[in-house]
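The primary structure of each chain is shown beneath.
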Amino acid sequence: MRKINRKLLILAVILPVGCLVGLILALVLGWQLLSVKYISSEIGNAGPEQAEEYVLVVASEFANDHDLDRARQRLAELDVPNPEQFVAYLADQFVHDGLGPEDPDTVSLVRLSEALGVSTISMVAYISTPTYTPSPTYTPTHTPTPLPTDTPTPLPTDTPAATPTETPLPATDTPTAGPPTPTRTPTPAPPTDTPTPTPPPYDFVVAHLRLRTNEENGGVSANGSLQACGFGQNIFVTVVDAAGNPLDGVVIGDTFNNESLKRITGSKGPGKAEYDLWKNGYSLLVIADPGAGRPVTSQISELMSSNDWEIPIPWLIEAHYCANEGECVSRRADPERVGNNTLCWGHYSYEITFRRTW
């Protein structure tokens, strides 16, 4: 009996120690031989949503530190052909979403686009819109009654004596004028250097953009309201030089630099190119100009879409698709209201002109 108790005592002492030693060995093996290896992921492999979130982070950092070089380095990690144009596209989309000048993401994107030199017309209007704060109107609480004032009686004044008239002296001889004194011609100042004109911020600007009227698109309108839709669904592009002459061979593209969406002017007439719209939209710009002999810069157009809800209501009214804002909202297609479509979803046409600034 005593031998059995001794064995149990030895077992009770050895078992915890053995477990502790085994646990230590397992940790050492796991740390040294089976450690987890992390594989870094490239932001360039991210999808559109991750790329958008990444640009928002870069814009927020730039809003805090104003370090443009660091922002460019961060944007270079994106796997897009033109990161700066991608920033401008996102900023333009955020402005069109109508979140207002108080939205921090929109403000950060617009400021970063402005610093990168790729701001659009809508961004310029966004950052220049003043905020008006009405002043309080002061209402007087009491109008005092004016007290009567004494009118003083004027005292009599003495009549002044007549002023004596002096007798003029006899005229004296007028001296004969001598020869004229020669005048000294000032030495002309040395010519100054003519200042070098500052080059324009863009090689190409959007000189004209509009939604074609329902009648121009083949439809029928009466009193500003739609009666029947046309069947056009195009963007008609024209590119001209500074004097207004058409330019052929200029490459037009969208903000994502999609190869399949590049068009060359001259293919549809002098200086002209065309796009088809299939319930979608494009923001266009000039990609290349062989006549420049160098890379060119371009303003980005407003979004030209055939989706009702992406077209500004003033454009719809001006083009005779609806007579007022209430009618436009109630009749247009809207992804939030399935089946609502009594306008011309998918059948809208635009015309746009890019003008070279030199």
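To be clear, the structure that these remarks concern was listed above.
First, a word on scope: everything that follows refers to the structure included in this document. (Residues numbered from 1 in each chain as written. Predicted model: local features only at pLDDT ≥ 70, side-chain atom pairs only at ≥ 80, totals over all residues. Heavy atoms only, no water.)

1. Considerations on the nonpolar core
A general tendency of soluble globular proteins is for nonpolar side chains to be buried together.
And then number 1: One finds Ile-235, Val-237, Ile-252, Leu-284, Leu-316, Tyr-348 and Phe-354 to be the most contacted residues of the largest nonpolar core, which totals 32 residues.
And then number 2: For this core, the secondary structure elements donating two or more residues are strand S1 (204-211), strand S4 (234-240), strand S7 (272-276), strand S9 (284-288), helix H7 (313-318) and strand S11 (350-356).
And then number 3: Grouped together as the second largest cluster of nonpolar side chains are 26 residues, Ala-51, Val-58, Phe-94 and Leu-285 included. (Core = buried A, V, L, I, M, F, W, Y, C linked by side-chain atoms within 4.5 Å. Buried < 20%, exposed > 50% of the residue type's maximum accessible area, 1.4 Å probe, protein only. Helix = DSSP H or I, 4+ residues; strand = E, 2+ residues; numbered from the N terminus.)

2. Focus: the sheet that holds S7
And then number 1: Spatially, S1-S11-S4-S7 is the arrangement adopted by the 4 strands of the open sheet, whose pairing is mixed. Of all the strands in the sheet, just S1 and S7 have a single pairing partner and so form its edges. Within the sheet, the average angular offset between the axes of one strand and its neighbour, ignoring direction, is 20°.
And then number 2: As judged from the 6 bridges shared by S4 and S11, these two strands associate in the parallel manner. Looking across to S11, one finds that Ile-235 is bridged to Tyr-350. (Pairing = 2+ DSSP bridges. Axes fitted to C-alpha atoms, helices over the stretch in contact; angles between N-to-C directions.)

3. Overview of the packing of helix H2 (residues 48-65) against helix H3 (residues 68-75)
Two quantities define a packed helix pair, namely the angle between the axes and the distance from one axis to the other.
And then number 1: Interhelical geometry of H2 versus H3 gives an angle of 170° and a closest axis separation of 9 Å. Compared by their axis directions, H2 and H3 come out roughly antiparallel. In this structure, H2 uses Tyr-54, Val-55, Val-58, Glu-61, Phe-62 and Asp-65 to contact H3, whose residues at the interface are Leu-68, Arg-70, Ala-71, Arg-74 and Leu-75. (Parallel < 35°, antiparallel > 145°, perpendicular 65-115°, else oblique. Contact = heavy atoms within 4.5 Å.)

None of the figures reported here should be taken as evidence of function without further support.
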